[in-house]
Each structure stands twice: as structure tokens, then as C-alpha cells.
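# Working through the structure, step by step
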Amino acid sequence: MSPRQFEDAEGSASGLTARGWLSPSQADELSRRLGVSPRHGPRIPPFGAIAVRKGFVTAEIMEEIVRNQTRLVGAGVRFHLGELLIRRALLSISQALEILAEQGITLLACAKCASQYNVFDAGEGSFSCPACDSTLAPPAAVTTLEVRGTLNKPLTGV
Ligand SMILES: [Zn+2]
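Residues numbered from 1 in each chain as written. Predicted model: local features only at pLDDT ≥ 70, side-chain atom pairs only at ≥ 80, totals over all residues.

### A closer look at the pairing of strand β2 (residues 116-120)
- The buried fraction of β2 is high, at 4 of 5 residues.
- Examined bridge by bridge, strand β1 (residues 105-110) and β2 share 5 bridges and lie antiparallel to one another. Paired with Thr-106 across the two strands is Val-119, which belongs to β2.
- Taken together, β1 and the strand that follows it, β2, pair antiparallel across an intervening segment of 5 residues, in which Ala-114 is found at a positive phi of about 65°.
- In this sheet, strand β4 (residues 149-151) lies alongside β2 in parallel orientation, the contact comprising 3 bridges. Opposite Asn-118, over in β4, you have Thr-150 as the bridge partner. (Buried ≥ 20, exposed ≤ 12 C-beta atoms within 10 Å, placed from the backbone. Helix = DSSP H or I, 4+ residues; strand = E, 2+ residues; numbered from the N terminus. Pairing = 2+ DSSP bridges.)

So this is what it looks like as C-alpha cells:
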């Protein structure tokens, strides 16, 4: 799975918009049809499902949040679900990191340009910042889940 595909898994309509395949209003319409059908309810992404299973957020609140997120995506605004929950004080940073860990995602930061990345299956591999080529390391203190992108395990990792 490429980083691009992973990102799209959580905001497919906005991914299509970013590529110019859909206008924002078309993406909004698509989100309305696919994401918030009254019959099926909103599709809760894995991050949200884990948050509910761990009891961090109730299923009712999560559905509401996902509905709002789908609306924001339709309007061309994109948030990681975890970031959205943290901004609304529904989830703490440490709870969010616990969920990411369960998804096999490690948050790594660049000391030089301060960009953060979600890294899949990081293990002992070393990663360079795609923006400035410095080595990435776990951030000393996590203050936000906002990331510049998603990185996969390096082909030549340990
Ligand atoms: Zn950097």
C-alpha cells in the first residue's frame, strides 16, 4: 500500500478532489451519498473504531464526528480523525498515540524543519525527512497529531 493510498483510505473524496477528479461540490455530493447514508450510517475508519473499542469515545459521538469530518472533507478541509477528536477535547494525545500504535503507526518528527510523519511498521529502520532529508526521530513531546505525510517501512530497513 502506498502512502497516498493510505491517506485516501481516510478521506477518499478529498483525495479525488486533490487530484482534480472531482470538484468540491461533487466530492460533497459523493460524501453525502457514500458516507452519511441514513440507512447505513457513516463509515467509521479504523482509528475511530479502535477509539470506540477502547472506550475512549462512545460510538454515538464517533458517528457524529465522522459525519462532521465528511462534511469538512466535502468542503475541501481535511483533518485526521485523531486530530479532530483532540481539537474537540474528546481524545487526549496519549490516547491517540495508543491507537496509532495499535495500527502499527509510529509518529516521527524532523528536528530540523519540525515536520511530523506517520510511519508504518517503523521497527528499527531509519527514515529521512522527505522535506529536508534530515533523520527523523520520535518527537520529544507530542503536541499535535498533524502530519505532513505518511511513510512506509524502508526497503533497506533493519
Ligand atoms: Zn525536515
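The rest of the description comes next.
### Let's talk about the sheet that holds strand β3 (residues 136-137)
- Taken together, the 4 strands give an open sheet; going across it, the order is β3-β1-β2-β4, and neighbouring strands pair in mixed fashion. Two strands close off the open sheet at either side, each with one partner strand: β3 and β4.

### Notes on the packing of helix α4 (residues 46-53) against helix α5 (residues 59-74)
- Close contact between α4 and α5 brings their axes to 9 Å; oriented N to C, the two are set at 160°. Accordingly, the angle class assigned to the pair α4 and α5 is roughly antiparallel. Taken as a pair, α4 and α5 cross one another with a handedness that is right-handed. Every residue of α5 that contacts α4 at Gly-48, Ala-51 and Val-52 is listed here: Ala-59, Met-62 and Val-66.
- Along the lines of polarity and charge, the residues of the contact of α4 with α5 split into 5 nonpolar, 1 polar and no charged. (Axes fitted to C-alpha atoms, helices over the stretch in contact; angles between N-to-C directions. Parallel < 35°, antiparallel > 145°, perpendicular 65-115°, else oblique. Left-handed = near helix turned anticlockwise from the far one by under 90°. Contact = placed C-beta atoms within 7 Å. Nonpolar A, V, L, I, M, F, W, Y, C, P; charged D, E, K, R; others polar.)

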